[in-house]
Structures are given as C-alpha cells and as structure tokens.
Amino acid sequence: MSSQVYKKSEPFTHTYSIVARDSVTGDIGVAVQSHWFSVGSVVTYGEAGVGVVATQSLVNPAYGPKGLALMAEGISPNDALKTLIGEDEGEMYRQVAFLNVKGDVATHTGSLCIAEAGHRQGKNFSVQANMMLSNTVWDAMAKAFETTKGDLSTRILAALKAAEGEKGDIRGQQSAAILIVKGTATGNSWEDTIMDLRVEDHEKPIDELERLIKVQKAYDFMNKGDLAMEAGDSEKAESLYLSAQKLFPDNLEMQYWYAINLLNNKEFDKAHPVLKSIFEKDNNWRILTGRLVKSKLLVISENELAKVMAL
C-alpha cells in the first residue's frame, strides 16, 4: 500500500461519528453527521462478518476499504489501523475508527485535526469528533450510547442527538448517514445489510435521519408481512401489518395490504371499511385490487370482488 498525504481535493469532512456493535444480535454499525454534503458517501464503510469503519477529518477514504480488507484477514482493528497510519504521511490530519465483529475497537485522532477534536472508546463502541464547538461532544455521545435502551439504530441515533445537544460541528449541520450490517455474513449482500440510510443535504439531518429510520422499521414489518402472506400464514401477516401501521397510521399502503390480508382471510366486514376509506382518498388502489386477483395475491370469489370494487 502506498503512502498518501493530504491533498486539497480531499473532502473536509470534519464531523462526529460512531462505530458500534449490538452485543445481543451481533449487528455492527457506523453513523455520522457533518456540515458537508453527502458525508455518508465518504465516511462510512461496513462489511457483514468483518467490521465497520469511520474515516473523517481531512478524510482519506482509503481507510475504509483497506481497513475492512485487513480485518477480513483476521487482523485486529488496532493492528490494521496502525498499519494504515504508518503508511499515511498525512496521518496527523486523519481521524479514523475501526470496529470488528467481536466489538474490538481502534481509534486515531491525528495531532493536527482541527479543535475541538477527540474520541472515547467503550465496550463495543468508539465515538470520535473534530472541529466541534465544544470538547464535551464525544463524552456526551459515549454516555448516550451506553445508557440508551433499544436496538442498535436507536442507540446510535441517541449518540448523534447527544452530539447535537452539545452544539456539535462548529459550522452547523448538513448531512448524516447510518449503515448497519450483520455480524455474521450470509453471503447474500441483500440480506447482510440491515440499514443503509443517508440524508445528503438537510437543515436538520439528524431529525430527518430519525424519520427515515422509523420509516424503514415500518416497511421492515411490511416486508415480513408480505413474506408471511406468501407463506399462507395470514394471522402472522396481520400482526406484522398492524405493527407497521402503528408506526405510520396515515400511510395508505400499509392500511391497504392489511385490508387485502383481511379479504384473503374472509374477514370482509373488517376489510370493507378500511378499503372504502382508502378508495375515497385515491382510486388507484381500487384499480390495483382487481389486478391482485389475476396475480393470485388476492383470492376471493367474483361476487365478493364485485362488492369490494363497488365500495
């Protein structure tokens, strides 16, 4: 690997970030916020079954893929980071954090990172920040992650919000991102990535990221409901669809598939008022209903279909 010094073309992603592991599920994640456009495209890296990386400050993106490659070989985060720092003539400008599937962490805050800059490590996580208004940011992030209950995305989000609670980046806010992958790889990338969300440009990116996380969780319930319906387990499907609706009660699509499941279960009295309300708001859902019969996703008699279409 060749050495690399700072170049003016490199992004000034002065920022705060977290790398973390869920000790219950084994999932691993990385999240970031910065006053820089599309910060997630240059700071956050992760690979299921391997680890996650945050590379920031006067960022050298090579730490992402190269760090993951070294950890994939079984090299510890500490040794992997030492190797890359030793080959980087601009290391004094870098701030980097590695975390592997065991929860081992390694963090580097270069001596020329713009103040306030620092990091704090804990069990299964590291938080790091530079160009902050206050030197209290990373301690607040660590405390929030350690004390918040919930899944990994909830605890990571709490850390980001805590950073903003300390006024965060001295320049303000612009973009944010979160990436969560499985601790054990299945070999199928579409299954191994649990969450990959970005807010590229927003006045309040943390608030927007929180909204998107909620949306994804709702649609995760929807996807699982679809799978249950496909498998013929209508009772499980209904439970999952209702869980999605609790997160987004005004979402017509979530109401619709719940109602379709009711029709498949011959619970017409429960389905009709839901569908009637949906059709009144958007007639395209009525048109779609007839098409579901042809695809065999809705199995009802012609007589019952006619009643639905007349709602």
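That block above? That's the structure.
We now turn to the structure provided with this report. From a predicted model like this one, the values you see are computed outputs, not experimental measurements.

## Focus on the side chain of aspartate 192
Phase 1 of the analysis: Residue placement: aspartate 192 occurs in helix α6 (residues 189–192).
Phase 2 of the analysis: Summary of buried charges: aspartate 192 has no salt-bridge partner, and the nearest side chain of opposite charge, lysine 182, is 4.9 Å away.
Phase 3 of the analysis: A polar side-chain atom of aspartate 192 sits 2.7 Å from a polar atom in the side chain of threonine 186.
Phase 4 of the analysis: Not counting residues up to four positions away in its chain, the partners in contact with aspartate 192 are Ala48, Ile180, Val181, Lys182, Thr184, Ala185, Thr186 and Gly187.

## Digging into the pairing of strand β5 (residues 51–58)
Phase 1 of the analysis: Along β5, eight of the eight residues are buried, which leaves the element largely enclosed by surrounding structure.
Phase 2 of the analysis: The pairing of strand β4 (residues 44–47) with β5 spans four bridges and is antiparallel. Among the inter-strand pairings, tyrosine 45 is bridged to a residue of β5, identified as valine 53.
Phase 3 of the analysis: One ladder, built from seven bridges, connects β5 with strand β6 (residues 94–100); its direction is antiparallel.

## Description of the environment of leucine 212
Phase 1 of the analysis: With respect to the secondary-structure elements, leucine 212 resides in helix α7 (residues 205–230).
Phase 2 of the analysis: Taking the C-alpha atoms as reference, leucine 212 lies 26 Å from asparagine 284; in sequence the two are 72 residues apart.

## As for the pattern of salt bridges
Phase 1 of the analysis: Under the counting rule described, the total for this entry stands at eleven salt bridges.
Phase 2 of the analysis: For the salt bridge of lysine 161 with glutamate 210, the shortest nitrogen-to-oxygen distance reads 3.2 Å. Taken together, the positions of lysine 161 in helix α5 (residues 152–165) and glutamate 210 in helix α7 put the pair 49 residues apart, joining distant regions of the chain.
Phase 3 of the analysis: The salt bridge partner of glutamate 238 is lysine 270, with a shortest N-O separation of 3.4 Å. Note that glutamate 238 is positioned in helix α8 (residues 234–247) and lysine 270 in helix α10 (residues 268–281), a separation of 32 residues in sequence.
Phase 4 of the analysis: Here the salt bridges do not stand alone but share partners, grouping Arg120, Asp139 and Glu146 into one network.

## A few points about the environment of arginine 21
Phase 1 of the analysis: Among the structural elements, arginine 21 can be located in strand β2 (residues 15–21).
Phase 2 of the analysis: Judged by its relative accessible area of 18%, arginine 21 falls in the buried class.
Phase 3 of the analysis: Spatially, the C-alpha atoms of arginine 21 and isoleucine 206 are 20 Å apart, while their sequence positions differ by 185 residues.
Phase 4 of the analysis: In contact with arginine 21, other than residues within four places in its own chain, are Gly26, Asp27, Ile28, Leu99, Asn100, Val101, Lys102, Gly103, Asn124, Phe145 and Leu152.
Phase 5 of the analysis: There is a polar contact of 2.7 Å between the side chain of arginine 21 and the backbone oxygen of valine 101.

## Comments concerning the packing of helix α2 (residues 63–72) against helix α3 (residues 77–86)
Phase 1 of the analysis: In the contact formed by α2 and α3, the axes pass within 9 Å of each other and the chain directions differ by 135°. Here α2 lies oblique to α3, going by the angle between them. Crossing geometry of α2 relative to α3 is assigned as right-handed. Facing α2, whose interface residues are Tyr63, Lys66, Gly67, Leu70 and Met71, α3 presents Pro77, Ala80, Leu81, Thr83, Leu84 and Ile85.
Phase 2 of the analysis: Its residues placed into classes, the contact of α2 with α3 shows eight nonpolar, two polar and one charged.

Conventions we followed
Residues numbered from 1 in each chain as written. Predicted model: local features only at pLDDT ≥ 70, side-chain atom pairs only at ≥ 80, totals over all residues. Heavy atoms only, no water. Helix = DSSP H or I, 4+ residues; strand = E, 2+ residues; numbered from the N terminus. Buried < 20%, exposed > 50% of the residue type's maximum accessible area, 1.4 Å probe, protein only. Lys, Arg positive; Asp, Glu negative; His and termini not counted. Salt bridge = Lys/Arg side-chain N within 4 Å of Asp/Glu carboxyl O. Polar contact = N/O pair within 3.5 Å; in protein donor to acceptor, adjacent residues only side chain to side chain. Contact = heavy atoms within 4.5 Å. Pairing = 2+ DSSP bridges. Axes fitted to C-alpha atoms, helices over the stretch in contact; angles between N-to-C directions. Parallel < 35°, antiparallel > 145°, perpendicular 65-115°, else oblique. Left-handed = near helix turned anticlockwise from the far one by under 90°. Nonpolar A, V, L, I, M, F, W, Y, C, P; charged D, E, K, R; others polar.

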